[in-house]
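Residue strings, one per chain:
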Amino acid sequence: MRVRDHILLSTAAAAVLAPRLGRDAAGVWAGGVLVDVDHYLWFCARHRRLSPRAAARFFNAAHPPQTSATRALHHPLSVAAVLALAVRRRGLRPLALGVSLHVGLDVHHEACMSRTRSKALARDRYSCRSCGVQTPHLDTHVVRQPWLLPSYGTGNVVALCGRCHEVAHARTHEVATWS
């Protein structure tokens, strides 16, 4: 799920919880948003750049790395550690709730996208919609997605070979850069 979606959903959760939690609702928001700092820190260390824009562009590429290093704070042991600390330190409970909500949303998003990808590949008969090649290593590409919150409709996803997928992302980047 995109960072801006997490920001929106974390803000909504904090707003809903604010009457009950008061100022602690800010901890829910912080946990839900700042857990993504693992991606940015990995990018900064790996590419020796501090640009959040460059990091976002990098992770929006066709094949962003999905390693344990880029998702260290998303790992179940990291979440369990935050939850264990929250049991002992009451002040960390809102932060732990935000982290847990974020990771739960990621798990839900990936399950929905996996189903959407499978349906799109079957619909496209396991061939690239751009060049027509049939290969066991097809990707899927989101061609239409709302600005906020993902859409899991198969009409928004197409099957593309790796080369055509890279071209599609390069074209998307050019449009975003020049518009």
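The structure presented is a predicted model; accordingly, all values stated were derived computationally and were not measured.

A. Main features of the overall build of the protein. Along the protein, the regular secondary structure elements total seven helices and two strands. Secondary structure elements of the protein occur, N-terminal to C-terminal, as α-α-α-α-α-α-β-β-α. On the principal axes, the C-alpha backbone points of the protein span a range of 55 × 35 × 35 Å. The buried share of the protein, taken over its 179 residues, is 32%. Of the roughly 11300 Å² of accessible surface on the protein, 61% is carried by carbon and sulfur atoms.

B. Up close: the layout of surface pockets. The space that makes up the second largest pocket amounts to roughly 150 Å³. Ranked by residues supplied to the lining of the second largest pocket, first place goes to helix H6 (residues 93-123) with three residues. Of the residues belonging to the lining of the second largest pocket, the class tally is three nonpolar, one polar and three charged.

C. The nonpolar core, seen in detail. Counting residues in hydrophobic clusters, the biggest one holds nine residues: Leu121, Cys128, Leu138, Val158, Ala159, Leu160, Cys161, Cys164 and Ala168. Every element with two or more residues in this core is listed here: strand E2 (157-160) and helix H7 (162-178). Here the element with the most residues in this core is E2; it accounts for three residues. Setting aside residues up to four positions removed in sequence, Leu160 forms contacts with Cys128, Arg129, Ser130, Leu138, Asp139, His141, His165 and Ala168.

D. Region of the structure containing the packing of aromatic side chains. This model, assessed by the stated rule, comprises four aromatic pairs. Seen from their ring centres, Phe43 and Phe58 are 5.5 Å apart, and the 50° between their planes marks the pair as tilted. Here Phe58 lies in helix H4 (residues 52-59) and Phe43 lies in helix H3 (residues 37-47), a separation of 15 residues in the sequence. For Phe43, a relative accessible area of 2% translates into the label buried. Among the aromatic side chains, those forming a connected cluster through ring pairs are Trp42, Phe43, Phe58 and Phe59.

E. Examining helix H2 (residues 25-34) more closely. Turning to H2, its buried residues number three or more, namely Ala25, Val28, Ala30, Gly31, Gly32 and Val33. Its buried side turned inward, H2 meets helix H1 (3-21) and H6.

F. Focus on the environment of Leu21. Among the secondary structure elements, Leu21 is positioned in helix H1. A residue is classified by how much of its surface remains accessible, and Leu21, at 29% relative accessible area, is partly exposed. When the C-alpha atoms of Leu21 and Trp147 are compared, they prove to be 30 Å apart, with 126 residues separating the residues in sequence.

G. Just the packing of H1 against H2, in detail. It is at 7 Å that the axes of H1 and H2 come closest, and there the two elements cross at 160°. Accordingly, the angle class assigned to the pair H1 and H2 is roughly antiparallel. Considering only the axes of H1 and H2, their crossing is right-handed. On the side of H1, the interface is formed by His6, Ile7, Ser10, Thr11, Ala13, Ala14, Leu17, Ala18 and Leu21, while H2 contributes Ala25, Val28, Trp29, Gly32 and Val33. Residues of the contact of H1 with H2, tallied by class, amount to 10 nonpolar, four polar and no charged.

H. Spatial organisation of the confidence of the model for the protein. Here the protein shows a mean pLDDT of 88. Residues at 70 or above account for 96%. Counted against residues more than four places away or in other chains, residues 173-179, with its pLDDT under 50, gives one contact.

I. Representation of unusual backbone geometry within the structure. Positive phi, close to 55°, is recorded for Arg125, a residue that is not glycine. Within the secondary structure, Arg125 sits in the loop between H6 and strand E1 (139-142). Arg125 gets classed as exposed once you look at its relative accessible area, which sits at 65%. With a phi angle near 55°, Tyr126 is a residue other than glycine that sits in the positive phi range. Mapped onto the elements of the fold, Tyr126 is located in the loop between H6 and E1.

Parameters at a glance
Residues numbered from 1 in each chain as written. Predicted model: local features only at pLDDT ≥ 70, side-chain atom pairs only at ≥ 80, totals over all residues. Heavy atoms only, no water. Helix = DSSP H or I, 4+ residues; strand = E, 2+ residues; numbered from the N terminus. Buried < 20%, exposed > 50% of the residue type's maximum accessible area, 1.4 Å probe, protein only. Areas by Shrake-Rupley, 256 points an atom, 1.4 Å probe, with all protein chains shown as cover. 1 Å grid on protein atoms, 1.4 Å probe; cavity = no way out; pocket = protein on both sides within 12 Å on 5 of 7 lines; lining within 4 Å. Points joined across faces, edges and corners; volume = space filled by probe spheres on them. Nonpolar A, V, L, I, M, F, W, Y, C, P; charged D, E, K, R; others polar. Core = buried A, V, L, I, M, F, W, Y, C linked by side-chain atoms within 4.5 Å. Contact = heavy atoms within 4.5 Å. Phe/Tyr/Trp six-rings, centres within 6.5 Å; stacked < 30°, edge-to-face > 60°. Axes fitted to C-alpha atoms, helices over the stretch in contact; angles between N-to-C directions. Parallel < 35°, antiparallel > 145°, perpendicular 65-115°, else oblique. Left-handed = near helix turned anticlockwise from the far one by under 90°. pLDDT = per-residue confidence, 0-100.

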